[in-house]
Structure formats: C-alpha cells, structure tokens
Amino acid sequence: MYTQAMDTMGKDGGPKAVRSAEDHQLEQRFDARIEAGEFVEPKDWMPDHYRKTLVRQISQHAHSEIVGMLPEGNWITRAPTLKRKAILLAKVQDEGGHGLYLYSAAETLGTSRDQMLEALHAGKAKYSSIFNYPTLTWADVGVIGWLVDGAAIMNQVPICRCSYGPYARAMIRICREESFHQRQGFESLLTMMEKGTDAQRAMVQDAVDRWWWPSIMMFGPPDDQSPNSALSMKWGIKRVSNDELRQRFIDATAEQAKVLGVTLPDPELKWNEERQHYDFGKIDWDEFWRVIAGHGPCNQERLAARVKAWDDGEWVREAALAYARKQELQQQAA
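Residues numbered from 1 in each chain as written. Predicted model: local features only at pLDDT ≥ 70, side-chain atom pairs only at ≥ 80, totals over all residues. Heavy atoms only, no water.

Topic: the side chain of threonine 135
For step 1, the next point in the chain: Checked against the element boundaries, threonine 135 lands in the loop between α6 (113–121) and α7 (138–156).
For step 2, the next point in the chain: A distance of 2.8 Å separates a polar atom in the side chain of threonine 135 from the backbone oxygen of proline 71.
For step 3, the next point in the chain: Once you skip the residues sitting within four places of it in the chain, threonine 135 turns out to touch Pro71, Asn74, Trp75, Asp140, Ile144 and Trp211. (Helix = DSSP H or I, 4+ residues; strand = E, 2+ residues; numbered from the N terminus. Polar contact = N/O pair within 3.5 Å; in protein donor to acceptor, adjacent residues only side chain to side chain. Contact = heavy atoms within 4.5 Å.)

Considering the nonpolar core
For step 1, the next point in the chain: Counting residues in each nonpolar core, the largest one holds 78 residues, and the members touching the most others are Tyr50, Leu54, Ile58, Trp146, Tyr164, Tyr167 and Trp211.
For step 2, the next point in the chain: Here the element with the most residues in this core is helix α8 (residues 165–195); it accounts for ten residues.
For step 3, the next point in the chain: With residues near it in sequence (within four places) discarded, tryptophan 146 still touches Gln182, Gly185, Phe186, Leu189, Val208, Thr253, Gln256, Ala257, Leu260, Val262 and Leu264. (Core = buried A, V, L, I, M, F, W, Y, C linked by side-chain atoms within 4.5 Å. Buried < 20%, exposed > 50% of the residue type's maximum accessible area, 1.4 Å probe, protein only.)

Concerning the pattern of salt bridges
For step 1, the next point in the chain: Across all of its chains, the model carries 17 salt bridges by this definition.
For step 2, the next point in the chain: Among the ionic pairs, aspartate 44 bridges to arginine 33, the shortest N-O distance being 3.1 Å. With aspartate 44 in the loop between α2 (21–35) and α3 (48–67) and arginine 33 in helix α2, this pair connects stretches of sequence that are eleven residues apart.
For step 3, the next point in the chain: Exposure remark for arginine 33: the relative accessible area of 23% places this residue in the partly exposed category.
For step 4, the next point in the chain: The residue aspartate 312 makes a salt bridge to lysine 308 at a minimum N-O spacing of 2.7 Å. Of the two residues, aspartate 312 and lysine 308 both sit in helix α13 (residues 299–312), four residues apart, roughly one turn of that helix. (Salt bridge = Lys/Arg side-chain N within 4 Å of Asp/Glu carboxyl O.)

Section: helix α12 (residues 285–295)
Working note: α-helix, 3.6 residues per turn, so residues spaced by three or four point in the same direction.
For step 1, the next point in the chain: All buried positions along α12 are accounted for by Trp285, Glu287, Phe288, Val291 and Ile292. For α12, the angular spread of the buried residues around the axis is 160°, confining them to a single face. Away from the buried face of α12 by more than 90 degrees, exposed residues Asp286 and His295 are located.
For step 2, the next point in the chain: Between a side-chain oxygen at the N-terminus of α12 and the backbone nitrogen of aspartate 286 the separation is 3.2 Å; the capping residue is aspartate 284. (Arc of directions from axis to C-beta.)

A few points about unusual backbone geometry
Glycine aside, residues mostly have negative phi angles, and peptide bonds mostly take the trans form.
For step 1, the next point in the chain: Positive phi outside glycine occurs at glutamine 276, with the angle close to 60°.
For step 2, the next point in the chain: Positionally, glutamine 276 belongs in the loop between β1 (270–272) and β2 (277–279).
For step 3, the next point in the chain: A relative accessible area of 42% places glutamine 276 in the partly exposed class.

Side note on α6
For step 1, the next point in the chain: Looking at α6, one finds that the buried residues are Met116, Leu117, Leu120 and His121. All buried residues of α6 fall inside an arc of 130° around its axis, so they share one side. In α6, the exposed positions that point more than 90 degrees away from the buried face belong to Asp114 and Glu118.
For step 2, the next point in the chain: Along its buried surface, α6 packs onto α3, α5 (82–107) and α13.
For step 3, the next point in the chain: Taken from the residues just after α6, glycine 123 is the one with a positive phi, measuring 80°.

Considerations on the packing of α6 against α13
For step 1, the next point in the chain: Between α6 and α13, the shortest axis-to-axis distance is 10 Å and the interhelical angle comes to 140°. Of the possible angle classes, the one that applies to α6 and α13 is oblique. For the pair α6 and α13, contact is made by Asp114, Leu117, Leu120 and His121 and by Leu303, Arg306, Val307 and Trp310, respectively.
For step 2, the next point in the chain: The residue inventory of the contact of α6 with α13, partitioned by class, reads five nonpolar, one polar and two charged. (Axes fitted to C-alpha atoms, helices over the stretch in contact; angles between N-to-C directions. Parallel < 35°, antiparallel > 145°, perpendicular 65-115°, else oblique. Nonpolar A, V, L, I, M, F, W, Y, C, P; charged D, E, K, R; others polar.)

As for the environment of isoleucine 76
For step 1, the next point in the chain: Relative to the helices and strands, isoleucine 76 is located in the loop between α4 (69–73) and α5.
For step 2, the next point in the chain: For isoleucine 76, a relative accessible area of 17% gives the class buried.
For step 3, the next point in the chain: Between the alpha carbons of isoleucine 76 and glutamine 256 there is a distance of 26 Å; along the sequence they are 180 residues apart.
For step 4, the next point in the chain: When near neighbours in sequence (up to four residues on either side) are disregarded, isoleucine 76 contacts Lys85, Leu88, Leu89 and Val92.

Thoughts on the packing of aromatic side chains
For step 1, the next point in the chain: Under the definition given, this model contains eleven aromatic pairs.
For step 2, the next point in the chain: A centroid spacing of 5.2 Å and a plane angle of 85° characterise the contact between tryptophan 285 and phenylalanine 288, whose relative ring orientation is edge-to-face. One end of the pair, tryptophan 285, and the other, phenylalanine 288, are both in helix α12, three residues apart, so they sit about a helical turn from each other.
For step 3, the next point in the chain: Residue classification places tryptophan 285 among the buried residues on the basis of a relative accessible area of 14%.
For step 4, the next point in the chain: Phenylalanine 288 sits in the buried class, given a relative accessible area of 1%.
For step 5, the next point in the chain: For the pair phenylalanine 288 and tryptophan 289, a centre-to-centre distance of 4.9 Å together with 80° between the ring planes defines the contact as edge-to-face.
For step 6, the next point in the chain: Grouped by ring-pair contacts, the aromatic residues Phe30, Trp45, Tyr50 and Trp235 constitute a single cluster.
For step 7, the next point in the chain: The ring of tryptophan 75 has arginine 78 lying over it, and the distance from NZ or CZ to the ring centre is 3.9 Å.
For step 8, the next point in the chain: One Lys or Arg, arginine 317, reaches over the ring of tryptophan 310 and ends 3.5 Å from the middle of that ring. (Phe/Tyr/Trp six-rings, centres within 6.5 Å; stacked < 30°, edge-to-face > 60°. Lys NZ or Arg CZ within 6 Å of the ring centre and 35° of its normal.)

In structure tokens form, the structure reads like this:
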C-alpha cells in the first residue's frame, strides 16, 4: 500500500560519479529512455543507484503490505456480522497477495526474498509508519479502509506509470484492489453513521480523530525536507510530489467527511477560494519521525509478530523445499 521509503531513507550520497566514457554513454541513453517515457525492464542497463533506490522502495512497499495485514487481521474473529467478516478476510488476503507481487518485482532487480525479509526482521528495513498505530475498535477497520487505503490509492496510482516496468505492472492490479478496500471502508462507516446507535457514531468519530493525522503523514515529509524525491522524480520512479499528493487527498477527503457526517480533527481545515484547495493545520512531524525511528505505539509488537510468523512457518518452507528436491530427482531419473 505504502511508499514512504525514498523519503525516509536519508541522504546516502546519491549516484556515484560516472567512471568511464562507456558508463557516461550508457547513462545518457538511459536518461533519454526515461525522458521518452519508456519502461525499463529487468535485463536493461540501469544506473546502480536507480537499481538500489528501486530495491529499497519496492521491498519496503512489500513489507508494508505484509505488516499491514496485522492491524485489521486482529479484528477478523470479532467482526460484527458474517458479511463483515467475509469482506475483511478477503481484504487481508488481498494485502498478502500485494506483498507477494511486490517481493517478486523486487527480485527482478537481483535481490532475494530472504534478503529482504532478513532486513525487515532485523529492523534494518522500514515499512509505512501508519501500521504502528493500534486498532482499538471495529470502527478503526472502516477508517483504515476509508483514510489509510484512500491515502494509499492517492499515493500509488501515479506509480502505475513508474519507469520500472515490473513495478508499474504490479501496481495496476494492486490499485484496483485497493479501490475496493477504500469503498468497503467508507460503506462500513456510512452504515454505522446512518443506521447505527449514538455509541456507534461516537465510535466512528473517535476513530477518525485518531487516524486523521497519521493518514496525512503517509505521503511523507514536506518536499523541502525530502532530499531523495528530486532524483526519484527525474528517473520516473516518483511522478507527483509529497505535498501535491497530500493536498489532493485532503481536498477529496474533506468532502467525503461531509457525506459521512464526521468532523475531521483540524480546526484550521477550511476551503480557500483563492487557491481552490483546502487549507489545513500544522502536521506534527516530530511524531512522524519518532514513529519512523521505531518509537510508535506498536512498532515492537508489529515486528515481533512478523518474526514469530516467520519462525513458526519454518517447517512449511523446509517441507516445500524437500518436496521440490524430491520432484527434481524423480524427473532426472525418468
């Protein structure tokens, strides 16, 4: 769902200096292809820094999909109706599939799934900060669908035009499924607001109050504090700036909130006729960086859950490998 990677990885020195005339010529051809809007494919020449940036972003995007199963998976057994349980099961299953698509896309760049997961489990790789917040009530599940998945769609639709072909193609299917997730979240909240009790409506408002600010942080830091965005946009990995995406999301969501009948927790949120956009209040970036650094409400819990799942599944991986070896031997003997 979620691509904060290139905004939170810090300054790493940028691309290395061109080492030879041949490298310079190859880089010129590469830049020309990007400028022409062509896709880069796995066997094509690409700058080392381009490859490194993509591995980091795609793998962290994949980690976010997998870790993102945890907050909502917590509510599968407690869904209020069979219909809601079936919808939530399908959604969590989708997120697992998204992670697999993205790990596969990252593998085309020369890394392995084991390497990516080892980095996640060791705490070296990041995932979206939004998943380090707890889901306290059933309304949180709906708000995640509406706000978190809505922000993900806003962020990810431009990646369908990413310059790296495997990533762009994976994102087309992922965005289609995310749009379903956003609609079901909104519908769940609308049902509670229109047909629910006063307590349920209050529960929805409380969830909105808690998730609003983390949701608009999902687009990453302001453009003037995002040192890697310029190069990623030059290379066509990123198509739209953080601040522009955040503004689009706020403009859309403020109108949706009116339909739901909820109040967004920002007293400074108001329509600016001159700008033709909503003005909004100051974002607490200290909180954002604190959560990114591993000090959010659920950072340790989320990572521990992923490590436990990996350890508990070791016997399955071993059995699958043993079966594959057995099949290979049988084919060789035939």
